[in-house]
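# Observations on the model geometry
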Amino acid sequence: MTATPEDRARRGLRESATFDRTTIAAIQRAAETGIYDIRGWGAKRALPHFDDLLFLGASMSRYPLEGYREKCGTDVVLGARNARFPLHLDIPVTIAGMSFGALSGRAKEALGRGASETGTSTTTGDGGMTPEERGHSKHLVYQYLPNRYGMNPDDLRRADAIEIVLGQGAKPGGGGMLLGQKVSERVAGMRDLPQGIDQRSASRHPDWTGPDDLTIKIAELREITDWEKPVYVKVGASRTYYDVKLAVHAGADVVVVDGMQGGTAATQEVFIEHVGIPTIAAIPQAVQALQELGVHKQPGGVQLIVSGGIRNGADVAKCLALGADAVAIGTAALIALGDNDPKYAAAYEALGSAPGFYDQYQAGQDPAGITTQDPELQKALDPVAGGRRVANFLRVLTMEAQTVARACGKAHVTHLEPEDLVALSIEAAAMARVPLAGTGWIPGQGTW
Amino acid sequence: MSTTFDLATTPLREVNAALHVEGLAGEYVVENPRGAHNVAVGLDAPVTVTIRGHVGYYAAGMNQRADVTIEGNAGTGVAENMMSGTVHVTGNASQSAGATGRGGLLVVDGDAAARCGISLKGLDIVVGGSIGHMSAFMAQRGRLVVRGDAGDALGDSIYEARLYVRGSVRSLGADCVAKEMRPEHREELAGLLKAACYEDDDPADYTRYGSARTLYHFHSDNTY
Ligand SMILES: Cc1cc2nc3c(=O)[nH]c(=O)nc-3n(C[C@H](O)[C@H](O)[C@H](O)COP(=O)(O)O)c2cc1C
């Protein structure tokens, strides 16, 4: 019989906070294999996050709106700065870019269905655009990545918006990877690669470097598509203030900022946990950059989409209050589809994992049929039912955000503002630039 | 009969829009490019376009079906991601010529700078002169022919693209090696040289380079 934690404590056994069991296992694994750990999901360590922020509901000094009855708008327009056809979304929650290759064709279809049903956009990813995805997505954002797998002008013209990806929150400064198990015949064909190899993709764009070049690159994409489509620029959160300024100078219509909690399909563990800054630290930097350029929440301005660890409507509302125009979700959408569902407990166990812990997106053995290219495993996911689950989840996120917005007296979710927020910790107060709860103190800004 | 656009008097956006009109056919001339960026990008028609002068970045980017001639030098990323058709630069090309190109033929009569054919995905490139460093970096598919010399780190992390160089190679990148010229390679090279109007070259003077395929799977010795 194994000892319980209480038994061990009684015996005077004490676990090291520095070398805890997870750390010990990591060292043992490294010593055994000689290769770094690659996994999916996002940062797992505790970080200052949306849970460290609270809303100040209305009472005497602010006037609330009636829940359910009074109108609280949720629509957003993205990319009206230069594009002839900006995106009109019904809700401020979008589906983030996740590649066909990392995800199964069925998963991509389900995300498209869910997004379309709720009037929002979904996004391609590293592996190019599939007909299933285009067909099932009302608003489809086409990613333009360093690797340019499958990039072609026909898909560019078929897209509703173009997202130039400089980086991801899970790995700012890193390129993509897709391990051999997932480089199936179809995936390899779409990427012009040999089947079954461990695909590593570039971290830099092949034909431009720096913001001046990016200006010309954005102009090229506009010329190719006759100035019809909004052009987004996506950055992983690190030097966000400068990156956002440079992206706007380069001509971005929309800036996407992905915090370090953001999910990934396959990245080195060391990268996921140690590079980048938390989402709540990135948003105020991005907003400050946009404000200084006079394009934040302005007609013909530049919109901000935030992602990285968004799980519920409160997180959505907090992003909007801090100054985002919309948000994007990755991991939560996969969970809505069935990722980490306890009903796959036995299958996870067989893979050495468990519901709530499964992060082996790179391995291609996903019992939920989401992060796999195996034709048999994919059958676990019904794209129609999956689409409905994603739509349900998106509706809940929206209704929750509306609930909070009404409580704060806002007739539109995007009317939420930093003034509606307080922080639970000094760290969160300093990063999000809102006062510590019960005080007027924002660390780094004046005195109490 | 050809239609002429003068970039000195017509905005670029109008010129490109005119070249995107559905059902376009015939011959077009673009005068006075004066180093403009993004000239004749996104074409998708069986037309002939002659650009009389030097161009800036991304000329003929993402070309489909059109035959484009640039009478002068080209800036960064000429014919980037081209899909089909031909692009011919009579002068020199700056860096990233033919980057990520997926089909068709790009001919540069002069030299091409760094990163020529970077992330190549099926395009054929023939360079009359020499190419700079990091050329054919991560090149996946397609062929790159160089009549002169190649700079440092040729074909670093290359996949299945085939490189033919007549002159010297300053250094090879990670996982790129010289390979035997078998009859099928000589034949392939002869065809490419002919298509680029260099049929007098003897394929036997060229060396073939390609992937040693040791980086195809992650392992602990991949210290690159
Ligand atoms: C399975 C998976 C695949 C991803 N693929 C891409 C990709 O191809 N391109 C990209 O820019 N981001 C990719 N991402 C990151 C997402 O676009 C997004 O930034 C991130 O998931 C947001 O954080 P969240 O997962 O906490 O919601 C991927 C994320 C996941 C979970």
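So, a few notes on the structure that sits alongside this text. In this text, all values refer to a predicted model and were calculated from it rather than measured experimentally.

## So, the side chain of B:E188
Positionally, B:E188 belongs in helix α2 (residues 183–195). On the basis of relative accessibility, which here comes to 15%, the residue B:E188 falls in the buried class.

## Digging into the nonpolar core
Ranked by internal contacts, the top residues of the largest apolar core, which has 97 residues, are A:L53, A:I95, A:I164, A:V257, A:L304, A:I329 and A:L337. Looking at this core element by element, the count peaks at eight residues for helix α10 (residues 279–292) of chain A. Sequence-distant contacts of A:L53, defined by excluding residues within four places in its chain, comprise A:I280, A:K318, A:L322, A:L421, A:V422, A:A423, A:A428, A:A432 and A:V434. Counting 49 residues, the second-largest nonpolar core is a separate cluster that includes B:F5, B:L19, B:I125 and B:C176.

## Thoughts on the site of the ligand
Residue and element names in this part refer to chain A. Taken together, the neighbourhood of the ligand is formed by 24 residues, with G97, D258, G309, G330 and T331 sitting nearest. D126 is positioned such that a nitrogen or oxygen atom in its backbone is 2.9 Å from an oxygen atom of the ligand. A distance of 2.8 Å separates an oxygen atom of the ligand from a polar atom in the side chain of K234. Burial of the ligand by the protein amounts to 98% of the accessible area it has alone, namely 600 Å². Tallied by class, residues from the shell around the ligand come to seven nonpolar, 14 polar and three charged.

## Some thoughts on the interface of chain B and chain A
Chain B puts 40 residues into the contact, and the matching count from chain A is 41 residues. When chain B packs against chain A, close to 3400 Å² is buried across both sides, 55% of that on carbon and sulfur atoms. Ranking the residues of chain B by area buried against chain A places B:Y58, B:M62 and B:F218 at the top, with a combined share of 20%. Applying the counting criterion to the chain B and chain A interface returns four salt bridges.

## Description of the pairing of strand β9 (residues 162–165) of chain B
Residue and element names in this part refer to chain B. The pairing of strand β8 (residues 141–146) with β9 spans four bridges and is parallel. Note on β9: the bridge partner recorded for R143 is R162. As judged from the three bridges shared by β9 and strand β11 (residues 207–211), these two strands associate in the antiparallel manner. If you follow L163 over to β11, its bridge partner there is Y209.

## Quick word on the pattern of salt bridges
If you walk through the whole model with that rule in mind, you get 43 salt bridges over all chains. Between A:E419 and A:R62 there is a salt bridge, with its nearest N and O atoms 2.5 Å apart. Taken together, the residues span a long stretch of sequence, with A:E419 in the loop between α15 (383–407) and β16 (421–423) and A:R62 in the loop between β2 (53–55) and β3 (76–78) at a distance of 357 residues. Salt-bridge contacts for B:R170 lead to B:D152; the nearest nitrogen and oxygen are separated by 4.0 Å. Note that B:R170 is positioned in the loop between β9 and β10 (176–179) and B:D152 in the loop between β8 and β9, a separation of 18 residues in sequence. Under the relative-accessibility criterion, B:D152 is labelled partly exposed at 32%. A network of salt bridges, in which partner residues are shared, links A:R39, A:K44, A:R45, A:E269, A:E273 and A:D359.

## Considering the pairing of strand β14 (residues 303–307) of chain A
Residues and elements named next belong to chain A. Counted residue by residue, β14 has five buried out of five residues, so it is predominantly covered. Side-chain alternation along β14 places Q303, I305 and S307 on one buried face and L304 and V306 on a second face that is also buried. Strand direction decides the pairing type here: strand β12 (residues 254–258) and β14, joined by five bridges, are parallel. In the strand pairing of β14, D258 is matched with S307. One crossover worth recording links β14 to the parallel strand β15 (residues 326–329) by way of helix α11 (residues 313–322), and it is right-handed.

## Regarding the packing of helix α8 (residues 240–249) of chain A against α10(A)
All names here are of chain A. One can describe the packing of α8 onto α10 by two numbers: an axis separation of 8 Å at closest approach and a directional angle of 40 degrees. Classed by the angle they form, the pair α8 and α10 counts as oblique. Considering only the axes of α8 and α10, their crossing is right-handed. Residues T240, Y241, V244, K245 and V248 of α8 touch α10, and the partners they reach there are A282, Q285, A286, Q288, A289, L290 and E292. Taken together, the residues that form the contact of α8 with α10 break down as seven nonpolar, three polar and two charged.

## Overview of the sheet that holds strand β3 (residues 47–52) of chain B
All names here are of chain B. Taken in spatial order, the eleven strands make up an open sheet running β1-β2-β3-β4-β5-β6-β7-β8-β9-β11-β10, and their pairing is mixed. Bordering the open sheet on either side are β1 (2–6) and β10, each of which pairs with just one other strand. Across the sheet, the mean angle separating the axes of adjacent strands is 15 degrees when strand polarity is ignored. Pairing of strand β6 (residues 105–108) with strand β7 (residues 121–127), which is carried by four bridges, proceeds in the parallel orientation. Bridged to L105 within β7 is D124. Sheet strands touched by helix α1 (residues 12–19): β1, β2 (26–31) and β3. Its angle to β1, the strand with the most contacts, is close to 160 degrees.

Here is what the cut-offs are and how they apply
- The numbers attached to residues start from 1 for each chain and follow its sequence in the written order.
- As they are written, the chains are lettered A onward and the ligands numbered 1 onward, keeping that order.
- pLDDT decides what is reported in this predicted model: residues at 70 or higher carry local features, side-chain atom pairs at 80 or more are listed and counted, and totals for whole chains, interfaces and linings draw on all residues regardless.
- Processing note: side-chain calculations cover all non-hydrogen atoms of the structure and skip hydrogens and water entirely.
- Every helix listed is a DSSP run of H or I at least four residues long, and every strand listed is a run of E at least two residues long, numbered separately from the N terminus.
- Under the scheme applied here, a residue whose accessible area is under 20% of the maximum for its type counts as buried, over 50% as exposed, and between as partly exposed, the area being computed with a 1.4 Å probe on protein chains only.
- As used in this record, nonpolar core signifies buried Ala, Val, Leu, Ile, Met, Phe, Trp, Tyr and Cys residues forming a set joined through side-chain atoms within 4.5 Å.
- Contacts were defined at the residue level, with two residues in contact if any of their heavy atoms lie within 4.5 Å.
- A molecule or strand has a residue near it when one of that residue's heavy atoms lies within 4 Å.
- Pairs of N or O atoms are called polar contacts if they sit within 3.5 Å, as long as, within protein, a hydrogen donor faces a hydrogen acceptor (for residues adjacent in sequence, only side-chain-to-side-chain pairs).
- Accessible surface area values rest on a Shrake-Rupley calculation with a 1.4 Å probe, where residue burial reflects the displayed protein chains alone.
- Gly is placed with the polar residues, together with every amino acid not listed as nonpolar (Ala, Val, Leu, Ile, Met, Phe, Trp, Tyr, Cys and Pro) or charged (Asp, Glu, Lys and Arg).
- Buried surface area refers to the total accessible area, computed with a probe of radius 1.4 Å, that the two partners give up upon joining, counted for both partners together.
- Every case where a carboxyl oxygen of Asp or Glu lies within 4 Å of a side-chain nitrogen of Lys or Arg is listed as a salt bridge.
- Pairs of strands are assigned from DSSP output, requiring at least two bridges between the strands.
- Here the term right-handed applies to a crossover when the path leading from its first strand over the helix to its second strand runs clockwise, the strands being oriented away from the viewer.
- A fitted line through C-alpha atoms serves as each axis, taken over the contacting stretch for helices, and the angle formed by two N-to-C directions is quoted from 0 to 180°.
- Should an angle fall under 35 degrees it is taken as roughly parallel, and over 145 as roughly antiparallel, whereas 65 to 115 is taken as roughly perpendicular and any remaining angle as oblique.
- Should the near helix be turned anticlockwise from the far one by less than a right angle, the crossing is termed left-handed; should it be turned clockwise, right-handed.

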